[in-house]
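# Summary of the model geometry
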Amino acid sequence: MNALTAGTAKATVASSAKVSHDQLANAIRFLSADAVERAKSGHPGLPMGAADVATVLFTKFLKFDPKNPHWPDRDRFVLSAGHGSMLIYSLLYLTGYESVPLEQLKRFRQLKSATPGHPENFETLGVETTTGPLGQGIATAVGMALAERMLNAEFGDDLVDHRTYVLASDGDLMEGVSQEAIALAGHLRLSRLIVLFDDNGISIDGPLSLSDSVDQVARFKSAGWNALRVDGHDPAAIARALRKAQSSDRPTLIACKTQIGFGAPNKAGTSKAHGEPLGEAELAATRKALGWTAEPFEVPADVLDAWRKAPRKGRSAQRAWKKRLAALSPAARAEFERRMKGKRPAALKEAVAALKTRLAAEAPTVATRKASELALEALVPAVPELVLGSADLTPSNNTKTKDLAAVKPGAFAGRYIHYGIREHGMAAAMNGLALHGGYVPAGGTFFVFSDYCRPAMRLSALMGTPVVYVMTHDSIGLGEDGPTHQPVEHLASLRAMPNMRVLRPCDAVETAEAWEIALTRTDGPTVLALTRQNLTPARKSAGSGNLSAQGAYEIAPAEGKAKATLFASGSEVEIAIAAQALLKEKGIAARVVSVPSLELFLAQPDKVRKQVIGEAPVRVAIEAGVRFGWDAVIGRKGIFVGMEGFGASAPYKELYKHFGITAEAVADAVYAKHNR
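Residues numbered from 1 in each chain as written. Predicted model: local features only at pLDDT ≥ 70, side-chain atom pairs only at ≥ 80, totals over all residues. Heavy atoms only, no water.

### So, the sheet that holds strand β18 (residues 639-642)
- Taken in spatial order, the 5 strands of this open sheet run β14-β16-β15-β17-β18, and their pairing is mixed. At either margin of the open sheet sits one strand with a lone partner, and together these are β14 (553-556) and β18. Ignoring which end each strand starts from, the neighbouring axes of this sheet average 30° apart.
- Sitting on the sheet, helix α24 (residues 606-613) touches β14, β15 (564-568), β16 (590-594) and β17 (618-623), and the angle it makes with β16 is about 135°. (Pairing = 2+ DSSP bridges. Helix = DSSP H or I, 4+ residues; strand = E, 2+ residues; numbered from the N terminus. Axes fitted to C-alpha atoms, helices over the stretch in contact; angles between N-to-C directions. Contact = heavy atoms within 4.5 Å.)

### Here's the deal with the packing of helix α2 (residues 21-39) against helix α4 (residues 86-95)
- Put simply, α2 and α4 touch, their axes get as near as 9 Å, and they point 120° apart. The orientation of α2 with respect to α4, classified from their angle, is oblique. Every pair of crossing elements has a handedness; the one defined by α2 and α4 is right-handed. Residue-level contacts link Ala 27, Ile 28, Leu 31, Ser 32, Ala 35 and Val 36 of α2 to Met 86, Leu 87, Ser 90, Leu 91, Tyr 93 and Leu 94 of α4.
- Per-class residue counts for the contact of α2 with α4 are 10 nonpolar, 2 polar and no charged. (Parallel < 35°, antiparallel > 145°, perpendicular 65-115°, else oblique. Left-handed = near helix turned anticlockwise from the far one by under 90°. Nonpolar A, V, L, I, M, F, W, Y, C, P; charged D, E, K, R; others polar.)

### Here's the deal with the packing of aromatic side chains
- Under the defined criterion, the tally for this structure stands at 12 aromatic pairs.
- Each ring, one from Tyr 652 and one from Tyr 656, has its centre 6.5 Å from the other, and the planes form 90°; the classification is edge-to-face. In this pair, Tyr 652 and Tyr 656 both sit in helix α26 (residues 652-658), 4 residues apart, roughly one turn of the helix.
- A residue is classified by how much of its surface remains accessible, and Tyr 652, at 27% relative accessible area, is partly exposed.
- Given a relative accessible area of 8%, Tyr 656 falls into the buried group. (Phe/Tyr/Trp six-rings, centres within 6.5 Å; stacked < 30°, edge-to-face > 60°. Buried < 20%, exposed > 50% of the residue type's maximum accessible area, 1.4 Å probe, protein only.)

### Side note on helix α8 (residues 176-188)
- With 13 residues, α8 ought to run about 18 Å at 1.5 Å a step, and its terminal C-alpha atoms sit 19 Å apart, in line with that.
- Residues of α8 that are buried include every one of Val 177, Ser 178, Ala 181, Ile 182, Ala 183, Leu 184, Ala 185, Gly 186 and Leu 188, and no others.
- As for α8, its buried residues are in contact with α6 (136-155), α7 (170-174), β3 (193-199), α9 (216-222), β9 (416-418) and α18 (423-436).
- Positioned one or two residues after α8, Arg 189 has a phi angle of 55°, which is positive. (Expected span 1.5 Å × (residues − 1).)

In short, shape yes, function no, at least from these values alone.
Here's what the structure looks like:
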């Protein structure tokens, strides 16, 4: 019987009582296999193999409500094995999410469908995070579980009391980021995190034994986890393991031994079931083997009805939760709702304005990493959702304010996270913190180590998560540590990433503005590229509004009609201003434009860009990085003063002279072109 033509409610109730676990699991298997078959593309093996595990989780344990998918106290489910996306799409349809009607299953992997090749949280309501790059899901889930415990410490059990479940594959656990993630979760004792490992022993190349022999249970135990093994096709055993995990005082791994492509007579247990359609003949044989007589994309009415009852416990829990929320004082309720909706406090703007006024008056000569610390001292009290951290570079990144308490194992009331030397894990966990809701995470490392963070940063940009990456030691200006630590291509690289906003402030006032831009952004991530070396203050006044938000602005006008415009970012703005003075001595009027964000500037209307660029015949860009991207401002014939290769080990002032990034070099280049 077609689910869309189900009979009376009385008949449905009577029949649904007879629905077995196998029927529920087979609904997942055949919806998944049918969708992959129709698309002629996809991964049927994982949904078919993990269907028993998913059925037990969703029908007996998961707290959720498809009618209110944004309910803050829902359990989170992360399909880290994103290639098996039809598993989550089938579950969303079966449990009644309006975002995935049956028609969308039929449009699997098609343009503008709600069922893309890998789960995308910005396309499909009910998907908690975008997965597909293996390892990202489990690492992001660590941040979600951490957010739950931190919010619980702040708002209590009445409002925050849920779990984070992950379905992970062999590939997820082979990726290096998984080690960073599980080590952090084990150290912090994130007991509300439960990972279900689809232990099917198969990868694309064939048996996992071709490339791996790790005992994952032992590995997780060594990282401080509770870990156990079960038969992934025994629903009673799966349920017992989940109950045990729920009572653990540590995060739990449940290694579920499964057969990939379960039920397929000729392909089950082989790599042929992993990443390609079963084929019409094999799919028909699988139907016969499992006793599934329904036509493609049909779910018997009694089976669908039983699935639609799965969220009942979650709905009941949500009703009770709403009563507890309503019983709060108006102020406490409003604050919780503001945090979970991602609205920034009014105090943020006021704090930035006061900070800029003070910094303009004091004009401190400090590194922008220190200026960032000064900004955070003012912003942390004003923005209670701001959570800071560092990948073991706290004294260098200046990300910890004086009175900020650290999160510790089993103690989550702090707002500072020591991520350890785990840049990739930090970046992924920050995605999880942001996606969970209630927090704006900001974490620090050296700018060159953005390479370690990049896969998670790319997902930040793709998903539009408001994460702040505090990247210090942003150029050859870090000096003696040499070219291994000196970023030269990184500004251009991250500017090229869609939806990634890069800000490189030139002094303390611009740094305050950069933080305001980062914290008010709710549709994507921001990189703050900050110096190790001290910088001369360039901004003489706080100004009205946020000048940096335009991306570029005239910071030092010419005396008379400008013959040259000097564009610079960050530490090179002081070089541009010094070059302006040298050119004045040569009789050449120049203006200086600070460019804290090249991509913000290029996004401005033509009129604004033309006004800022000006009409001076000579254009120069000055940046201690590579030229890539600057031609959009200075043109192909413009002068670029910067880096053409890697750096070197020496005191930073010597390096600037060695590589010709000096006021004298700028002035000489302008003079030569002006008199050509």
